[in-house]
Amino acid sequence: MMDQSLKAGTPLALCTLLLISLTFIYLLSGENPSVSITSMTRKLHHSKHSLAIHETSMYRDELETALEGASMANKTVIITIVNRAYTEGDKPMLDIFLDGFWLGENTRQLTNHLLIVAVDQTAFERCRFLRLHCYKLKTNSEDFVDEKTYMSEDFIKMMWQRTRFLGDVLRRGYNFVFTDTDVLWLRNPFSGLTLNETVDLQISVDKFNGNQWSQTNPINTGFYMIKSNNKTIALFDEWYGERNNSTGKKEQDVLVDLMQKGAFERLRLRVRFLDTIYFSGFCQDSRDANIVSTVHANCCRSIRAKVTDLVTVIHDWKRFKDPSRNKTIEYRWSNHLACQKSWIP
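Residues numbered from 1 in each chain as written. Predicted model: local features only at pLDDT ≥ 70, side-chain atom pairs only at ≥ 80, totals over all residues. Heavy atoms only, no water.

Trainee: Help me out: how do you make sense of helix 7 (residues 230-241) in this one?
Mentor: Every α-helix winds through 3.6 residues per turn, so residues three or four apart in the chain are directed the same way. Taking 1.5 Å of rise per residue, 12 residues should cover 16 Å, and helix 7 covers 16 Å from first to last C-alpha, within 8% of that figure. Burial in helix 7 covers these residues: Thr232, Ile233, Leu235, Phe236 and Trp239. Down the axis of helix 7, the buried side of the element spans an arc of 155°, and every buried residue falls inside it. Two or three places before Lys231, at the opening of helix 7, Asn229 has a side-chain oxygen 3.0 Å from that residue's backbone nitrogen. (Helix = DSSP H or I, 4+ residues; strand = E, 2+ residues; numbered from the N terminus. Expected span 1.5 Å × (residues − 1). Buried < 20%, exposed > 50% of the residue type's maximum accessible area, 1.4 Å probe, protein only. Arc of directions from axis to C-beta. Polar contact = N/O pair within 3.5 Å; in protein donor to acceptor, adjacent residues only side chain to side chain.)

Structure follows, in structure tokens:
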């Protein structure tokens, strides 16, 4: 009996609903009763689209803002990562790093594209004080404030945090030159880098074997340029994914393992290994001060030793640039004595 009543009342209910809908449309249309449901739908869609654009601009995160602010026209950024230990002391490492840009050839304007990534509040505030492009890295509550001795557990953790962050930069579509803060930029290095799309990764080495395409070169992740594409993003995903299977190894060792297992070929990556005559370090000095671009305080154990020997490099550079220098005498870099002694127990 109840079912029959419901069936009988259904047409009446539908008519009532239709009448209410038509009245609602009429009221919304104002003085123009000819407004159509289609036009109303279009207006509603346009409002939602405008709201979505507004929300995107409102909620764009801090990293995107920092990357965009430092980016060159081709979406390339120079990135270095610092903590408090690199910003304190009589002559902080960060200050020495910036001295290189000030004293180098055609390097001062590059600081406009330099992004300082701070892993603690002190380093972030120091960066802001220097009026540079700054970003504070979220580090999962890890304490990366103080100096991390080479190959210590905290040092390895910090290197993996760095790898994770740089992979995120690639996923956002930015190319970058990563540089350790203990690398002096004495000349604009872009003249010695391949800037077209044919090379995915260009990376420094401790000692150059004479072949820029040879995978037997001992790579150093303290300085490299990388393009953002599907291949390089896949490399970083695989690289970071190995962190839990590499106890006692730093991220650089794991990248070497991947290379030796054929990851570069499998991902179809074109990788160039940088000649130390242009991109040098304490492991192997450049043979020619007339063309060297960067000097890395590699093969060195402590920040204190790096600072001492990098200051000496700056003095060497000033001596080399001195117009009164005797150009007939072969120029030689000073020995890196503090770094050599840093390995002695």
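Trainee: I keep staring at the packing of helix 7 against helix 8 (residues 251-260) and nothing clicks. Help me out?
Mentor: In a packed pair of helices, the relevant descriptors are the angle between the two axes and the axis-to-axis distance. At a minimum axis distance of 10 Å, the contact between helix 7 and helix 8 shows a crossing angle of 120°. Helix 7 and helix 8 meet at a crossing whose hand is right-handed. Seen from helix 7, the contacting residues are Leu235, Glu238 and Trp239; seen from helix 8, they are Glu251, Val254, Leu255 and Leu258. For the contact of helix 7 with helix 8, the residue count by class is 5 nonpolar, no polar and 2 charged. (Axes fitted to C-alpha atoms, helices over the stretch in contact; angles between N-to-C directions. Left-handed = near helix turned anticlockwise from the far one by under 90°. Contact = heavy atoms within 4.5 Å. Nonpolar A, V, L, I, M, F, W, Y, C, P; charged D, E, K, R; others polar.)

Trainee: Help me understand the sheet that holds strand 2 (residues 114-118), please; the structure alone is not making it clear to me.
Mentor: The pairing of strands in a sheet comes from backbone hydrogen bonds and takes either a parallel or an antiparallel form. Strands sit in the order 3-2-1-4-7-6-8 across an open sheet of 7 strands; the sheet is mixed. If you trace the sheet from one side to the other, it starts and ends with strand 3 (133-136) and strand 8 (271-273), each paired once. Averaged over all pairs of adjacent strands, the angle between their axes in this sheet comes to 30°, without regard to strand direction. One ladder, built from 4 bridges, connects strand 1 (residues 76-82) with strand 4 (residues 175-179); its direction is parallel. (Pairing = 2+ DSSP bridges.)

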